[in-house]
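Coordinates in review
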Amino acid sequence: VLALLNNPSLQGDAKRTERHHRIRAVLDERFDWQESARGCLGRHWAQRTAAEQKEFVTLFAEFLERSYLDKFDIYYVNVETMEYQGEKIIDNYASVKTMINTKAKFHHPVEYRLEKSGSGDNWRIYDTVIEGVSMVKNYRDQFDEIIAKTSYAGLIREIKTRVGEKE
């Protein structure tokens, strides 16, 4: 992702869409959107039909894309280095810790939580923990609150609104 953000041929507003498509392709290779979405939906996942689960995974991935890709453009130009801090592997799960160091000399710990794929030859990220805050837990808490106040359908409406999708 850093290489794409720093690629001179992808700089500027005119190349924004192409840059974002390329970044999304990289993220699609490395993230397990279904496991992330399942974790974010928590106990509500099992109550959903297969079609609802599929819709939620698609919406959730689009929601994250819309929420974060513009922030990548702004934030990562200030990254000076990314340092590998270590890993821990237990069976089919792994944790990889890194430190993002900015040009302003700020240090941001980032942990990637991974699961080995069904075929066993690939590791995919299902959660990121940035400065001690789990993306999955954070969204699960938010989604639980929305569902409690409205319904699962209310959560879907909210996510669709945020991604700019019409019902």
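The preceding data block contains the structure.
To start, this report covers the structure provided alongside it. (Residues numbered from 1 in each chain as written. Predicted model: local features only at pLDDT ≥ 70, side-chain atom pairs only at ≥ 80, totals over all residues. Heavy atoms only, no water.)

1. Let's talk about the packing of aromatic side chains
Stated formally: Note on aromatic contacts: the rings of Phe and Tyr and the six-membered ring of Trp form a pair at centre separations within 6.5 Å, being stacked when their planes are under 30 degrees apart, edge-to-face when over 60 apart, and tilted otherwise. By the criteria applied, helices consist of DSSP H or I runs no shorter than four residues and strands consist of E runs no shorter than two, each listed in order from the N terminus. Three labels apply to residues, based on accessible area from a 1.4 Å probe with only protein chains included: buried if under 20% of the type maximum, exposed if over 50%, partly exposed otherwise in between. By the criterion adopted, a ring carries a charge over it if an Arg CZ or a Lys NZ lies within 6 Å of its centre and within 35 degrees of its normal.
Scanning the model with the defined rule gives 10 aromatic pairs in all. Ring plane angle 85 degrees and centroid distance 6.2 Å describe the contact between tyrosine 93 and tyrosine 126, whose orientation is recorded as edge-to-face. Residue tyrosine 93 is located in strand 2 (residues 93–102), and its partner tyrosine 126 is located in strand 4 (residues 123–130); the two are separated by 33 residues in the primary sequence. Residue tyrosine 126 is classed as partly exposed on the basis of its relative accessible area, which comes to 22%. Among the aromatic residues, those joined into a cluster by ring pairs are Phe56, Phe60, Phe63, Tyr139, Phe143 and Tyr152. A cation sits over an aromatic face here: arginine 48 above tyrosine 152, 3.9 Å from the ring centre.

2. A word on the pairing of strand 2
As a reminder of what qualifies: Here, strands pair whenever DSSP counts at least two bridges between them.
Of all 10 residues in strand 2, seven are buried; the element is thus mostly enclosed. In this structure, strand 1 (residues 79–90) lies alongside strand 2, joined through 10 bridges in antiparallel fashion. Bridge pairing in strand 2 places glutamate 83 opposite methionine 99. Between the antiparallel neighbours strand 1 and strand 2 lie two residues, among them aspartate 91 with a positive phi of about 55 degrees. By the bridge criterion, nine bridges tie strand 2 to strand 3 (residues 107–116) in an arrangement that is antiparallel.

3. With respect to the sheet that holds strand 5 (residues 133–134)
Spatial strand order, 1-2-3-4-5: five strands in an open sheet with antiparallel pairing. Every interior strand has two partners, whereas the edge strands, strand 1 and strand 5, have only one. The sheet contact formed by strand 3 and strand 4 spans seven bridges and is antiparallel. Bridge pairing in strand 4 places arginine 113 opposite aspartate 127.

4. A word on helix 3 (residues 33–41)
Every α-helix winds through 3.6 residues per turn, so residues three or four apart in the chain are directed the same way. Note the threshold: In this description, contact between two residues means that some pair of their heavy atoms is separated by no more than 4.5 Å.
With seven of nine residues buried, helix 3 lies mostly within the body of the structure. Among the residues making up helix 3, those that are buried are Trp33, Glu35, Ser36, Ala37, Gly39, Cys40 and Leu41. Of the surrounding secondary structure, the elements contacted by the buried residues of helix 3 are helix 2 (16–30), helix 4 (50–75), strand 3, strand 4, helix 5 (135–149) and helix 6 (152–163). Just past helix 3, the residue glycine 42 takes up positive phi, approximately 60 degrees.

5. What to know about unusual backbone geometry
With the exception of glycine, most residues fall at negative phi, and the peptide bonds are largely trans. Here aspartate 91, not a glycine, exhibits a phi torsion of approximately 55 degrees, which is positive. Looking at the element boundaries, aspartate 91 is found in the loop between strand 1 and strand 2. Despite not being glycine, glutamate 131 has its phi angle at roughly 50 degrees, a positive value. Position of glutamate 131 among the secondary structure elements: in the loop between strand 4 and strand 5.

6. Thoughts on the packing of helix 5 against helix 6
Going by this rule: Geometry is summarised by axes, namely lines fitted to C-alpha atoms with helices restricted to the contacting stretch, and by angles between N-to-C directions that run from 0 to 180 degrees. Angles are sorted into four bins: roughly parallel if under 35 degrees, roughly antiparallel if over 145, roughly perpendicular if 65 to 115, and oblique for all others. Whether a crossing is left-handed or right-handed is set by the direction in which the near helix is turned from the far one by less than a right angle, anticlockwise for left-handed and clockwise for right-handed.
Where helix 5 contacts helix 6, the axes come no closer than 7 Å and their chain directions differ by 120 degrees. Comparing their axes, helix 6 and helix 5 come out oblique. Judged by the sense of rotation from one axis to the other, the crossing of helix 5 with helix 6 is right-handed. Where helix 5 abuts helix 6, its residues Gln142, Phe143, Ile146 and Ile147 lie against Tyr152, Gly154, Leu155, Glu158, Ile159 and Arg162.

7. Some remarks on the pattern of salt bridges
Our working rule: One side-chain nitrogen of Lys or Arg within 4 Å of one carboxyl oxygen of Asp or Glu is enough to make a salt bridge.
Inspection of the entire model under this criterion finds 15 salt bridges. Notably, a salt bridge pairs arginine 30 with glutamate 29, separated by 3.3 Å at the nearest N-O pair. Relative accessible area serves as the criterion here: at 42%, arginine 30 is assigned to the partly exposed category. Here glutamate 29 falls in the exposed class, since its relative accessible area comes to 51%. Taking the shortest distance from any N to any O, the salt bridge between glutamate 52 and arginine 48 comes out at 3.2 Å. Residue glutamate 52 is classed as partly exposed on the basis of its relative accessible area of 25%. By sharing partners, the salt bridges in this structure join Lys15, Glu18 and Arg22 into a single network.

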